[in-house]
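Structural overview for review
Here's the letter readout for the chains.
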Amino acid sequence: DVVLNSLSHDDFIGRSLRFLGPGGRFVEIGKRGIWTNEEVAKERPDVHYHILAMDTLFEQEPERFQSLLQVLAQAMGRSEVTPMNTRIFGGFGE
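Rules used throughout
- Residues numbered from 1 in each chain as written.
- Predicted model: local features only at pLDDT ≥ 70, side-chain atom pairs only at ≥ 80, totals over all residues.
- Heavy atoms only, no water.
- Helix = DSSP H or I, 4+ residues; strand = E, 2+ residues; numbered from the N terminus.
- Buried < 20%, exposed > 50% of the residue type's maximum accessible area, 1.4 Å probe, protein only.
- Contact = heavy atoms within 4.5 Å.
- Lys, Arg positive; Asp, Glu negative; His and termini not counted.
- Salt bridge = Lys/Arg side-chain N within 4 Å of Asp/Glu carboxyl O.
- Pairing = 2+ DSSP bridges.
- Right-handed = clockwise from strand over helix to strand, strands pointing away.
- Axes fitted to C-alpha atoms, helices over the stretch in contact; angles between N-to-C directions.
- Phe/Tyr/Trp six-rings, centres within 6.5 Å; stacked < 30°, edge-to-face > 60°.

Here we look at the environment of valine 40
Here valine 40 shows up in helix α2 (residues 37–43). By relative accessible area, which is 1% here, valine 40 ends up buried. For the pair valine 40 and glycine 14, spaced 26 residues apart in sequence, the C-alpha to C-alpha distance is 8.5 Å. Residue contacts for valine 40: discarding those within four places in its chain leaves Leu17, Trp35, Pro45, Val47 and Tyr49.

As C-alpha cells, then:
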C-alpha cells in the first residue's frame, strides 16, 4: 500500500495512516502541518514514511531534477510505466 498525501488539516494525516495497510509507505508531499518521522512512528511504527520535497530538489539540484524527468518521460514513451491500481477509501467526510 502507498499513500501519497498532501492534506494536513483536520487530522487527515492520522486518518490516512489508519487506512494504510501493514508495512505500507506514506509519501508526504505537503508543506504545512506535516508530521515528523517520530510522530508517524508513534502512530504506526510499521509504516515507511518519506517526505518528498520536489520543489526543493528543483531549486537546489535542477540538473538532477531534469534528469529524473527525462528518465520518466523515456520510460513512459516505451510504455514501461503503467498506472498503479488504486482504491479510494471513504471516511474523510465523516
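Let us keep going from here.
Let's talk about the side chain of glutamate 28
Considering the arrangement of structural elements, one finds glutamate 28 in strand β2 (residues 25–28). No salt bridge is formed by the buried glutamate 28; its nearest oppositely charged neighbour, lysine 31, is found at 9.3 Å. Among all residues touching glutamate 28, those that are not within four sequence positions of it are Asn5, Ser6, Ile13, Ile34, Tyr49, His50, Ile51 and Leu52.

Description of the pairing of β2
Of the pairings in the sheet, the one linking strand β1 (residues 2–5) to β2 comprises four bridges and is parallel in character. Note that in β2 the partner of valine 2 across the bridge is arginine 25. Taken together, β1, helix α1 (residues 12–19) and β2 form a β-α-β motif whose crossover is right-handed. Considered for its hand, the β-α-β crossover made up of β2, α2 and strand β3 (residues 48–51) is right-handed.

Digging into the sheet that holds β1
Ordered in space as β1-β2-β3, the three strands form an open sheet in which the pairing is parallel. The open sheet terminates on both sides in strands that have one partner only, identified here as β1 and β3. Strand-to-strand twist across the sheet, computed as the mean angle between neighbouring axes with direction ignored, equals 15°. In this sheet, β3 lies alongside β2 in parallel orientation, the contact comprising four bridges. Bridging across to β3, phenylalanine 26 finds its partner in tyrosine 49. The sheet strands contacting α1 are β1 and β2, and the helix crosses β2 at an angle near 155°.

Remarks on the packing of aromatic side chains
Scanning the entire structure with this criterion turns up two aromatic pairs. Where phenylalanine 26 meets tyrosine 49, the ring centres are 5.7 Å apart and the plane angle is 40°; that geometry is what we call tilted. With a gap of 23 residues between them, phenylalanine 26 in strand β2 and tyrosine 49 in strand β3 connect regions that are remote in the sequence. According to the relative accessible area criterion, tyrosine 49 is buried, its value standing at 11%.

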